[in-house]
Amino acid sequence: MEALLSNVDWTEIGWASWDTLIMVGMSLLFSVVIGLPIGVLLFLTGKRQLLEQPVAYSVLSFVVNVLRSVPFIILLIVMIPFTVMLIGTSLGVAGAIPPLVAGGAPFFARLVETSLREVDRGIIEATQAMGASVRQIIFGALLPEALPGIIAGVTVTAITLVSYAAMSGVIGGGGLGDLAIRFGYQRFQTDVMVITVALLVIFVQVLQMVGDRLVLYFSRK
Amino acid sequence: MIVFDQVQKSYQVGGRAIPALQPTDMAIETGEVFGIVGHSGAGKSTLVRLINLLEPPTGGRILIDDEDITGYSPSELRAFRRKVGMIFQHFNLLSSKTVADNIAFPMKLAGIYSKTEIRDRVEELLARVSLTEHANKYPSQLSGGQKQRVGIARALACRPTILLCDEATSALDPQTTQSVLKLLADINRELGLTIVLITHEMDVVRRVCDRVAVMDAGRVVEMGPVSEVFLHPQHPTTRDFVFESENIDNQELQQDLEKADGRILRLTFKGESTYQPLLGSVARESGVDFSILSGRIDHIKDTPYGQLTLSLVGGDLDIAMKQFEAADVHVEVLR
C-alpha cells in the first residue's frame with residue numbers, strides 16, 4: 001500500500017481538495033447571484049412573456065450564447081487580462097474564480113430560463129388575475145413554482161464548475177486539477193492522478209446526491 | 001353591472017388581424033349568474049378574459065358599474081382585479097403553496113390586510129368550502145373537486161363583487177361537477193356576487209344560470225333567460241347545444257316522428273304546471289288519443305319544467321289546444 005501510493009503527499013492532497021472546494025463554492029455563489037437575474041430576464045423578455053422585448057432578449061441571449069460557445073479552456077486564457085484587472089492576479093484560487101463565473105453564470109442563466117418556462121402559464125395568468133404586479137408574479141409565483149427546477153440547475157452548474165475548476169489547473173489555477181496536471185501529468189505520478197480523479201468523482205457524487213435530495217424536498221407536485 | 005359597448009378583440013398573427021370577438025354589445029346584471037356557452041374556439045374564453053382585462057380589447061368600451069375599465073392605469077387595473085375573482089378549468093393553484101397559503105395568496109398580494117385578518121379570512125373560507133381539515137396539504141394531495149374548492153376559496157379571498165368561471169367544471173366528473181355548481185349557486189345567493197360562467201355544457205347553464213349567451217364564431221348569436229333559450233332555442237348552434245345536453249339525436253328524432261300518426265305537438269310546461277295532471281283531463285274532454293314520442297321533466301335552476309312531444313289522433317284538436325293554452329302550456333305544432 002505504502003509503495004503503491006509512494007508519491008502521494010496527503011497534506012498536499014488535503015490542501016488541493018480545500019482549494020477546489022473554495023473555487024467551486026465561490027464561483028457557484030457568484031454564478032447563481034449573476035445567473036439568476038439574467039435567467040429571469042431572459043424568460044420575461046422572451047416571446048409571449050410578461051415583458052416581451054424582442055431586442056433586449058436578442059442582445060441578452062447573444063451575450064449568453066457567446067460566453068457559452070467559447071470552450072472553457074479558451075475562456076480561461078482569454079479572461080486573463082480581465083482577471084488581472086479585476087483582482088490583481090490570474091493565478092491561484094482567486095485567479096480562477098472570474099473565468100469560472102464567466103463560464104458558470106451564463107450556463108446557469110439558461111437553466112433558470114428553462115425551468116421558468118416549465119411553470120404552467122395558467123398559474124401566471126391566475127396570479128395576474130389576482131392583481132399582482134410583475135415583481136409580485138416573479139417573487140410570489142414564478143420563482144417558488146420553479147424552485148425545484150432551479151435547484152436542479154444549481155446542482156448541474158456546480159458539477160460543471162467542478163470540471164471547469166479542474167481545468168483551471170492548466171493556467172495555474174490551484175486545486176485538485178492543478179495537482180493532477182503538475183504531478184500526475186507532468187511528473188508521471190500515476191498514483192496522484194488516480195487519487196485526484198477519485199476525489200473529483202466522490203465530490204461530484206456528493207453534489208448530485210445533495211442536489212437530488214433538495215429537489216425532492218422542494219417538489220410538491 | 002358589466003356592460004360591453006361594441007367590444008371587439010382580434011389577434012395579430014403574422015401581420016394579419018384574426019378576429020376572436022366581433023363587436024359585441026352585452027349587459028350582465030349585478031347579482032345574476034350569467035352563462036356563456038359555445039364550442040371551443042367560439043370566443044367565449046376571450047370574452048371572459050376581457051372582463052378583467054387579462055385580454056385587452058382592440059375596440060369598444062367595457063363599463064363596470066358605469067366605470068370604463070379600458071382606461072385604467074396599471075395600478076388602477078391591479079386594484080380593480082382584486083375585486084374580480086377568477087377560477088379556472090385546471091384550477092391553476094400554486095403547487096409550492098399549501099391550501100391555506102393558496103387562499104391567503106391574493107390577500108398577501110393586495111398588501112392591505114393584516115396577518116390576523118388574513119388568518120381569520122382563510123379559516124372562514126376553508127370552512128365555507130368544507131376543506132378545514134386539508135388546510136396544510138399541498139394541491140397535489142387533493143382530488144379535482146377539492147382543488148376547485150380551493151380555487152373558489154382563493155377567488156373569494158378579497159371579497160370580490162364579480163366571479164369569473166373559466167370552464168370551471170370541465171375537468172371534473174359529473175358528481176363533482178354537481179357539488180361545485182351547487183357551491184357556486186350558494187355563493188351567488190348568499191354573497192350576491194355576479195357570476196360569469198363559460199362552459200361548453202348546456203347542462204351547467206341549465207343548473208345554475210339565470211341568463212345565457214350562446215356564442216358561435218366570435219359572435220353572440222342568442223341571448224336571454226335560460227328558460228327561454230333552453231326551451232325555445234332559435235339559432236341552430238343553440239339547438240345543437242340543447243339537443244346535445246338532452247342526449248337527443250336530431251336525426252333519430254325526425255325518424256321517430258315520421259313513424260307516428262296524426263298531429264305532432266311539442267308541449268312545454270314550466271313552473272307549477274309541470275305537476276298538473278293535464279294530459280288525462282285533456283284526453284277525456286277533447287276525446288283525443290295521444291302517445292308520447294319523447295319527453296323530459298327536469299329543472300332549470302330552481303324552476304321545474306317538462307317538455308313532451310306527443311302525437312294526437314282523433315277527437316277535437318281545437319278543444320285540446322284551448323285547454324293547453326288555458327293551463328299556460330306552450331304548444332308548438334311540429335306537424
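Residues numbered from 1 in each chain as written. Chains lettered and ligands numbered in written order. Predicted model: local features only at pLDDT ≥ 70, side-chain atom pairs only at ≥ 80, totals over all residues.

(A) Expanded view of the UniProt feature "coiled-coil region" (unreviewed entry) in chain B. Summarizing the sequence annotation, UniProt attributes the feature "coiled-coil region" (unreviewed entry) to residues 243-270 of chain B in the numbering used throughout. Annotated as 46% helix and 29% strand, the span residues 243-270 of chain B places its first and last C-alpha atoms 18 Å apart. (UniProt positions renumbered as here; feature names shortened; annotations may be inferred. Helix = DSSP H or I, 4+ residues; strand = E, 2+ residues; numbered from the N terminus.)

(B) Representation of the UniProt feature "transmembrane region" (unreviewed entry) in chain A in the model. All names here are of chain A. Taking the UniProt record as the reference, the feature "transmembrane region" (unreviewed entry) is found at residues 20-44, 56-80, 86-111 and 192-211. For the annotated span residues 86-111, helix accounts for 85% and strand for 0% of the residues, and the straight-line distance between the end C-alpha atoms is 27 Å. Annotated as 100% helix and 0% strand, the span residues 192-211 places its first and last C-alpha atoms 29 Å apart.

(C) The interface of chain A and chain B, seen in detail. Taken together, the contact pairs 19 residues of chain A with 19 residues of chain B. Mapped onto the side of chain A that touches chain B, the elements with two or more residues apiece are α6 (121-129) and α7 (134-167) of chain A. Taken together, the residues of the side of chain A that touches chain B break down into eight nonpolar, six polar and five charged. (Contact = placed C-beta atoms within 7 Å. Nonpolar A, V, L, I, M, F, W, Y, C, P; charged D, E, K, R; others polar.)

(D) Broad picture of the pairing of strand β1 (residues 2-13) of chain B. All names here are of chain B. Of the pairings in the sheet, the one linking β1 to strand β4 (residues 59-64) comprises five bridges and is antiparallel in character. Note that in β4 the partner of F4 across the bridge is I62. Relative to strand β2 (residues 16-28), β1 runs antiparallel, the two sharing nine bridges. Across the sheet, I2 pairs through a bridge with I28, a residue of β2. (Pairing = 2+ DSSP bridges.)

(E) Inspection of the sheet that holds β4(B) at higher detail. Residues and elements named next belong to chain B. One open sheet holds the four strands; their spatial order is β2-β1-β4-β5, and the pairing between them is antiparallel. The sheet terminates laterally at β2 and β5 (67-68), the two strands that pair on one side only. Packing of helix α1 (residues 44-51) onto the sheet brings it into contact with β1, β2 and β4, and relative to β1 it is tilted by some 120°. (Axes fitted to C-alpha atoms, helices over the stretch in contact; angles between N-to-C directions.)

(F) The arrangement of the UniProt feature "domain: ABC transmembrane type-1" (unreviewed entry) in chain A in detail. The positions that UniProt labels "domain: ABC transmembrane type-1" (unreviewed entry) are, in the present scheme, residues 17-211 of chain A. Between the C-alpha atoms that bound residues 17-211 of chain A there is a distance of 20 Å. The span itself is 83% helix and 0% strand.

(G) Here's a closer look at the sheet that holds strand β11 (residues 263-270) of chain B. Residue and element names in this part refer to chain B. Strand order in the open sheet made by the four strands is β12-β13-β11-β14, with antiparallel pairing throughout. Edge positions in the open sheet fall to β12 (289-300) and β14 (330-333), since each of these has one partner strand only. Averaged over all pairs of adjacent strands, the angle between their axes in this sheet comes to 15°, without regard to strand direction. Here helix α12 (residues 317-326) sits on the sheet in contact with β11, β13 (303-313) and β14, set at roughly 145° to β14.

(H) Spatial organisation of the domain arrangement of chain B. Residue and element names in this part refer to chain B. When the domains of chain B are assigned, the result is domain 1 (2-244) and domain 2 (257-333). Each of domain 1 and domain 2 has a C-alpha centre, and the two are 38 Å apart. Facing eight residues of domain 1, the contacting portion of domain 2 comprises seven residues. Elements with a contribution of two residues or more to the side of domain 1 that touches domain 2: α7 (202-208) and α8 (226-231). Considering each element in turn, the side of domain 1 that touches domain 2 owes the most residues, four residues, to α8. (Domains from an automatic or database assignment.)

(I) Summary view of the UniProt feature "domain: ABC transporter" (unreviewed entry) in chain B. Per the UniProt record, the feature "domain: ABC transporter" (unreviewed entry) sits at residues 2-242 of chain B. Helix makes up 39% of residues 2-242 of chain B and strand 28%, and the two end C-alpha atoms of the span are 26 Å apart.

(J) Examining the packing of helix α4 (residues 80-87) of chain A against helix α5 (residues 92-117) of chain A more closely. Residues and elements named next belong to chain A. Direction vectors running N to C along α4 and α5 enclose 120°, while the axes themselves pass 9 Å from each other. Comparing the axis directions of α4 and α5 gives the class oblique. The way α4 lies across α5 gives a crossing that is right-handed. Taking contact as the criterion, the partners of F82, T83, L86 and I87 in α4 are, on α5, A94, G95, P98 and P99. Considered class by class, the residues forming the contact of α4 with α5 number six nonpolar, two polar and no charged. (Parallel < 35°, antiparallel > 145°, perpendicular 65-115°, else oblique. Left-handed = near helix turned anticlockwise from the far one by under 90°.)

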